[in-house]
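Residues per chain, in single letters:
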Amino acid sequence: MGTSERRSGEELDRHDAVGARMRQFRKERGLTLRGLATHSGLSIGFLSQVERGISSIGLTALNSVATALDRSVAEFFNDAPPEETEEEHAPVSQLPSHFTLTRSATAATEYISGQQTYRMLSARGPNLVLEPLLVHIAPGGKRENSYGHAGEEFAFVLEGELLYEVDGVEHRLHPGDSVHLRSTVPHSMFNDTDRVTTVVSVVTPRLF
């Protein structure tokens, strides 16, 4: 089996795991899909597809589900984030409360949900509200419904193309293009090309 085939299998396993854990946590809370939809603001049909591994879910939407289930986003993934060492990040306790430092060579925590791989670009620190991410969006997959949530969102395309829908209007972003919006406006992104798209994304509030 080649490397790409192994990676595809691993991504599928992690994709299924997110939906399986969503179902597990929902049942532990004694919620029906309708109840979870009411508390998260997502549709019953979409949540059902995520639980069955048919659709993937973005981190911001997953954050709404996690809040509704009184869980952290990290708990929906197979592997807990690795512990950070002094070589990876300057210890937060030794830095001002407004500052963290992440080196380019640092092994960063990654989360995979469906076609999207999220790489965390900063350490956790007190009093910080931005969540900077490097997102790789593989082609294909099922397009998510537009969704609004609290906060703001910024995306800058580094490589490839991205179809970004904002309030029902589609915008095709190319390398160097960016979009910045209040996240309460319904929005979604999708890679409809045949190559991976790489995006720097910054969202609020922090997801982890």
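Residues numbered from 1 in each chain as written. Predicted model: local features only at pLDDT ≥ 70, side-chain atom pairs only at ≥ 80, totals over all residues. Heavy atoms only, no water.

(A) Region of the structure containing the overall build of the protein chain. Each helix and strand counted, the protein chain has four helices and nine strands in total. Within the protein chain, the fraction of its 208 residues that count as buried is 44%. In the protein chain, once contacts between residues fewer than 6 apart in sequence are set aside, the share between residues at least 24 apart is 65%. With the model as given, the accessible surface of the protein chain reaches about 11,000 Å², and the carbon-plus-sulfur share is 50%. (Helix = DSSP H or I, 4+ residues; strand = E, 2+ residues; numbered from the N terminus. Buried < 20%, exposed > 50% of the residue type's maximum accessible area, 1.4 Å probe, protein only. Contact = heavy atoms within 4.5 Å. Areas by Shrake-Rupley, 256 points an atom, 1.4 Å probe, with all protein chains shown as cover.)

(B) Main features of the side chain of Ser 55. With respect to the helices, strands and loops of the structure, Ser 55 is situated in the loop between α3 (44–51) and α4 (59–68). Take Ser 55: its relative accessible area is 3%, and that puts it in the buried class. Separated by 3.0 Å, the side chains of Ser 55 and Gln 49 make a polar contact. (Polar contact = N/O pair within 3.5 Å; in protein donor to acceptor, adjacent residues only side chain to side chain.)

(C) Molecular detail of the sheet that holds strand β9 (residues 197–203). One open sheet holds the six strands; their spatial order is β1-β2-β3-β9-β4-β7, and the pairing between them is antiparallel. Both outer strands of the open sheet, β1 (110–113) and β7 (178–182), are each paired with one neighbouring strand and no more. Sheet twist, expressed as the mean angle between neighbouring strand axes with direction ignored, is 20 degrees. In the sheet, strand β3 (residues 131–137) pairs with β9 via seven bridges, with the strands oriented antiparallel. Within the sheet, the bridge partner assigned to Ile 137 lies in β9 and is Thr 197. (Pairing = 2+ DSSP bridges. Axes fitted to C-alpha atoms, helices over the stretch in contact; angles between N-to-C directions.)

(D) Examining the side chain of Thr 198 more closely. If you trace the backbone, Thr 198 turns up in strand β9. The exposure class assigned to Thr 198 is buried, which follows from its relative accessible area of 7%.

(E) Just the sheet that holds strand β8 (residues 187–190), in detail. The strand order across the open sheet built from three strands is β6-β5-β8, with neighbouring strands paired in antiparallel fashion. Looking at which strands have only one partner, the edges of the open sheet turn out to be β6 (169–173) and β8. Put simply, the sheet's adjacent strands are angled 20 degrees from each other on average, direction ignored. Pairing of strand β5 (residues 162–166) with β6, which is carried by five bridges, proceeds in the antiparallel orientation. By the bridge assignment for β6, Leu 163 is matched with Arg 172.

(F) Representation of the nonpolar core. If you look at the biggest cluster of nonpolar residues, it comprises 41 residues, and the most contacted ones within it are Met 22, Ile 57, Leu 62, Val 65, Phe 76 and Tyr 164. Discounting residues that sit within four places of it in the chain, Tyr 164 has contacts with Glu 153, Ala 155, Val 169, Glu 170, His 171, Leu 173, Val 179, Leu 181, His 187, Ser 188 and Met 189. (Core = buried A, V, L, I, M, F, W, Y, C linked by side-chain atoms within 4.5 Å.)

(G) Highlighting the environment of Ala 17. Here Ala 17 lies in helix α1 (residues 3–28). Note: C-alpha distance between Ala 17 and Ser 113 (96 residues apart in sequence) is 9.1 Å.

(H) Here's a closer look at empty space enclosed by the protein. One pass over the full model with this rule turns up one cavity of 30 Å³ or more. Of the voids in this model, the largest cavity is the one considered here, and its volume is about 90 Å³. Along its surface, the largest cavity is lined by 13 residues, and Gln 115, Gln 116, Lys 142, Met 189 and Phe 190 are the ones closest to its centre. Taken together, the residues that form the lining of the largest cavity break down as four nonpolar, six polar and three charged. (1 Å grid on protein atoms, 1.4 Å probe; cavity = no way out; pocket = protein on both sides within 12 Å on 5 of 7 lines; lining within 4 Å. Points joined across faces, edges and corners; volume = space filled by probe spheres on them. Nonpolar A, V, L, I, M, F, W, Y, C, P; charged D, E, K, R; others polar.)

(I) Molecular detail of the packing of aromatic side chains. Counting across every chain of the model gives two aromatic pairs. A centroid spacing of 5.1 Å and a plane angle of 85 degrees characterise the contact between Phe 25 and Phe 76, whose relative ring orientation is edge-to-face. In this pair, Phe 25 sits in helix α1 while Phe 76 sits in the loop between α4 and β1, placing the two residues 51 residues apart along the sequence. For the pair Phe 25 and Phe 76, a shared accessibility class is recorded, and that class is buried. Ring geometry for Phe 77 against Tyr 111: centres 4.8 Å apart, planes inclined by 55 degrees, an arrangement best described as tilted. Taken together, the residues span a long stretch of sequence, with Phe 77 in the loop between α4 and β1 and Tyr 111 in strand β1 at a distance of 34 residues. Directly above the aromatic system of Phe 25 lies the positively charged group of Arg 71, at a separation of 4.0 Å from the ring centroid. (Phe/Tyr/Trp six-rings, centres within 6.5 Å; stacked < 30°, edge-to-face > 60°. Lys NZ or Arg CZ within 6 Å of the ring centre and 35° of its normal.)

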